[in-house]
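# Residue-level structural notes
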Amino acid sequence: MRDGPPNPEQLIGEIAAARPTTIADYMAAANGHYYATRDPLGATGDFTTAPEISQMFGEMIGVWIADLWSRAGSPPFRYVELGPGRGTLAADALRTMARFGCTPAGIELVETSPTLRVAQLARLPAAAHHDEVDALPDDAPLVVVANEFFDALPIHQYVRAADGWRERMVGRRDGALAPIAGNIPADDAIPASLRSEPEGTIVETTPVSAAIMQRCAFRLARQGGAMLAIDYGYAGPAAGDTLQAVKAHRFVDPFADPGEVDLTAHVDFTALAAAAQNAGVSVSPLTTQGEWLRRLGIDARLQSLAAAAPARADELQGQRDRLAAPREMGDLFKVMAFTAPGWPAPAGFTGDAA
């Protein structure tokens, strides 16, 4: 038996031996190698995340945490981040939180990449690393931030064939890796509302994301606290192929170079909400990143930064627009919050928590 997912070389070898693998196993192996062997962020990397675009992003998250913590009665808590990149978001958020007297009892980072752990500790020397959510301390409420975390987790894809639904696999076609339809019926994996979609339709499911979300939610229900998820995604169930690959800031073939490109898929926030609600936590309405940032005061923060550095006013305005403008990240990225029983409704969302 193999211990854990294969590396890209093993994966390609198995596929070449006529043993196709699921999209989920392909994505897990490729991304596991990819993140373990590089820092993919920034201009010299493959992609840029919101915290690397502007300090304002992390600062707004810091404001959100400080406000929620204050209204919850200012309890001791631990700051947790899932997939924290270089630690930039945490550094900006923690600096902002400290201005309001909001200092966590610990900084807990869930990260498996040795390369990124080094970068994180350079910014956050007091942080503790964990391989998984289950290893987090259980002695205090948790405030968890998951920014562009769920999009990199493995997805399963299903395609509607003439005689029913089949799981989409990765196999050899014309000498190259490519998606192919499996031969085992998979109708039960498809949401009832989508089973009658026409032939060729693709539907995605994210059991790994749902499982991690549920483990986080059970922690919140037991320990108290809140969680914030920010990612590009949608309110499901919905049909469509969202698997994509990025290299050097350009979209590339997801099957051409496994382990050397960033593989992601859009996040089904409805599935995350269902997983959290099953654990007994409250779920906020889903909103866009742009609207959420505006409600928290990003425009006031922009004015303050521009007044302090007039020569950077245009640069700062461009950063704000990239984060919040509808045609940039503002509408594509969504935000959802999860709160423990007894904790107040979080800021930045319309309506009451579900």
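This one's a predicted model, so the numbers in the text were calculated from it and none came from an experiment.

Evaluated as defined, the whole model comprises 18 salt bridges. A salt bridge links Arg117 to Asp131, with the nearest nitrogen and oxygen atoms 2.7 Å apart. One end of the pair, Arg117, is in helix H6 (residues 114–123); the other, Asp131, is in the loop between strand S4 (128–130) and strand S5 (142–147), with 14 residues separating them in the sequence. For Arg117, a relative accessible area of 22% gives the class partly exposed. A relative accessible area of 55% places Asp131 in the exposed class. The partner of Asp241 in a salt bridge is Arg168, with the nearest N and O atoms 3.3 Å apart.

This part covers the nonpolar core. If you look at the biggest cluster of nonpolar residues, it comprises 75 residues, and the most contacted ones within it are Phe150 and Phe338. Ile23, Tyr26, Ala30 and Ile155 belong to the second largest nonpolar core, which has 13 residues in total.

Okay, the sheet that holds strand S13 (residues 262–264) next. Strands sit in the order S12-S11-S13 across an open sheet of 3 strands; the sheet is antiparallel. The open sheet has two free edges, formed respectively by strand S12 (250–252) and S13, since each of these has just one partner strand. Averaged over all pairs of adjacent strands, the angle between strand axes in this sheet comes to 40 degrees, irrespective of strand direction. Where strand S11 (residues 244–247) lies against S13, 3 bridges are found, and the strand directions are antiparallel.

Conventions and cut-offs
- Residues numbered from 1 in each chain as written.
- Predicted model: local features only at pLDDT ≥ 70, side-chain atom pairs only at ≥ 80, totals over all residues.
- Heavy atoms only, no water.
- Salt bridge = Lys/Arg side-chain N within 4 Å of Asp/Glu carboxyl O.
- Helix = DSSP H or I, 4+ residues; strand = E, 2+ residues; numbered from the N terminus.
- Buried < 20%, exposed > 50% of the residue type's maximum accessible area, 1.4 Å probe, protein only.
- Core = buried A, V, L, I, M, F, W, Y, C linked by side-chain atoms within 4.5 Å.
- Pairing = 2+ DSSP bridges.
- Axes fitted to C-alpha atoms, helices over the stretch in contact; angles between N-to-C directions.

Geometric descriptors of this kind do not, in isolation, establish any biological role.
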